[in-house]
Amino acid sequence: MRETGCPEEDLFSFLLARRQEDLGYRNILSSMCTPPHPVAARAHAMFLETNLGDPGLFPGTAALEDLLVRRLGALMHHPDAGGYATSGGTESNIQALRIAKKQKPVKSPNIVVPASSHFSFTKACDILSLEMRTVPLDDAFRMDTEAVDCLVDDDTVALVGVAGTTEYGMVDPIARLSEIALDRDIFLHVDAAFGGMVVPFLDRPIPFDFRLPGVSSISIDPHKMGMSTIPAGCLLTRNPDWFACLNVDTPYLTVKRECTLAGTRPGASVAAAVAVLEYLGMDGMRAVVAGCMENTRRLIEGMEALGFPRAVSPDVNVATFSCDRTPPGWRVSRTRSGHMRTVCMPHVTRDVIERFLVDMGDIDA
Ligand code: PLP
């Protein structure tokens, strides 16, 4: 650390220089985040110093967290779901598996996940000493539920399905997983970190939420398609009482117990998440999602016209291609199988797609 502080102007030119090195979201087709909606940015600024880790000091902000859980619970067809605002999909997935593990104390616990699951499950298994059993995918990159039965055994503490896979944008057959979970009496966690804010707004929503009786918990991230500020995730549970198994005593805070993973927690991104939901409503979110899906279709059609076939027809706004090139000045990513991966987030407008297609056509020439 410096012995004496630096003048404010110097400091901010230094910060600005670093900030200008960031890529921003221009020409970025690889991210599941997007610039926050203007109402999210405004709400975030209002709640900058709030700390949900000590909710008695911030009862107004804590009420917004409750409202967020109620709104997202209702969106997931369970207005009385339990839940809290996490830092994102990783924390939600870890916490869901903690609950599942505590509910079923066995000697060598395992979880059964699709091969498409997000790497946060690898972290969760490491932290929680869980064996990860991986279910292969079918031709459409969805979990092959035929293979689930022989992987599940008496030590399986959770079954996981994904609604909106990170790499291919597919929704696993959650209805079938729900039947298996009920049959075999297993906790079913649905990772809808991405798709949770997309699928409910599609013209033909695919069942994945608490309407399916076997679904125990859901991860859903406002900081992805919810256009909130970072970090804004949410973990929802069918039974609000399940969180009690995570409680630890917190003697010197305004609350006596805490079930969250983080201690100090931002209220600003929670206020931002609520702001977007209230401002846009169902209609506004449907319009955003319709635009992203339309752009996804246009991108697929344009890439195929250039001779780059889609890897699969996605359920949500993630488009993947057999294409090993990337036009200069653009960011796309690669799936584990080597497909080009793009995400048509709200900042990836029609104009961006058309510019990308022109540049793709140019490198092909
Ligand atoms: N789950 C899914 C399906 C994801 O796509 C992601 C991130 O892209 C995560 C979990 C992890 O979310 P986060 O990076 O917010 O922790």
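Conventions and cut-offs
Residues numbered from 1 in each chain as written. Predicted model: local features only at pLDDT ≥ 70, side-chain atom pairs only at ≥ 80, totals over all residues. Heavy atoms only, no water. UniProt positions renumbered as here; feature names shortened; annotations may be inferred. Helix = DSSP H or I, 4+ residues; strand = E, 2+ residues; numbered from the N terminus. Rg over C-alpha atoms; globule rule 2.2 N^0.38 Å. Buried < 20%, exposed > 50% of the residue type's maximum accessible area, 1.4 Å probe, protein only. Contact = heavy atoms within 4.5 Å. Areas by Shrake-Rupley, 256 points an atom, 1.4 Å probe, with all protein chains shown as cover. Lys, Arg positive; Asp, Glu negative; His and termini not counted. Charge placed at Lys NZ, Arg CZ, Asp CG, Glu CD. pLDDT = per-residue confidence, 0-100. Pairing = 2+ DSSP bridges. Axes fitted to C-alpha atoms, helices over the stretch in contact; angles between N-to-C directions.

Identification of the chain as Probable L-tyrosine/L-aspartate decarboxylase from Methanoculleus formosensis is taken from an unreviewed UniProt entry. Entered under Cofactor (unreviewed entry) in the UniProt record, the comment concerning the chain runs "pyridoxal 5'-phosphate". UniProt lists a comment for the chain under the heading Function (unreviewed entry), and it reads "Catalyzes the decarboxylation of L-tyrosine to produce tyramine for methanofuran biosynthesis. Can also catalyze the decarboxylation of L-aspartate to produce beta-alanine for coenzyme A (CoA) biosynthesis."

S.K.: Is there a simple way to explain the overall build of the chain in this structure?
M.R.: When its secondary structure is counted, the chain shows 8 helices and 12 strands. Here the C-alpha atoms of the chain give a radius of gyration of 21 Å, agreeing with the 21 Å that 2.2 N^0.38 yields for 365 residues. Of all 365 residues assigned to the chain, the portion counted as buried reaches 53%. Summarising the internal contacts of the chain: among those between residues at least 6 apart in sequence, 70% fall at separations of at least 24. As presented, the chain carries roughly 16,700 Å² of accessible surface, and 54% of it is formed by carbon and sulfur atoms. Taking the average location of the 35 positive side-chain charges in the chain and that of its 46 negative ones, the two points are 1 Å from each other.

S.K.: What's the story with the confidence of the model for the chain in this structure? I'm lost.
M.R.: Do not read the predicted coordinates in detail wherever pLDDT is low. Confidence along the chain averages 97 in pLDDT terms, with 99% of residues attaining 70 or more. Of the two predicted TM-score estimates for the complex, the pTM is 0.97 and the ipTM is 0.99.

S.K.: For this particular structure, what's the right way to read the sheet that holds strand 11 (residues 333-334)?
M.R.: Where strands meet in a sheet, backbone hydrogen bonds hold them as pairs that are either parallel or antiparallel. Spatially, 10-12-11 is the arrangement adopted by the 3 strands of the open sheet, whose pairing is antiparallel. Each edge of the open sheet is held by one strand with a lone partner, namely strand 10 (318-321) and strand 11. Against the sheet, helix 7 (residues 268-305) contacts strand 10 and strand 12 (340-343), and its axis sits at roughly 10° relative to strand 10.

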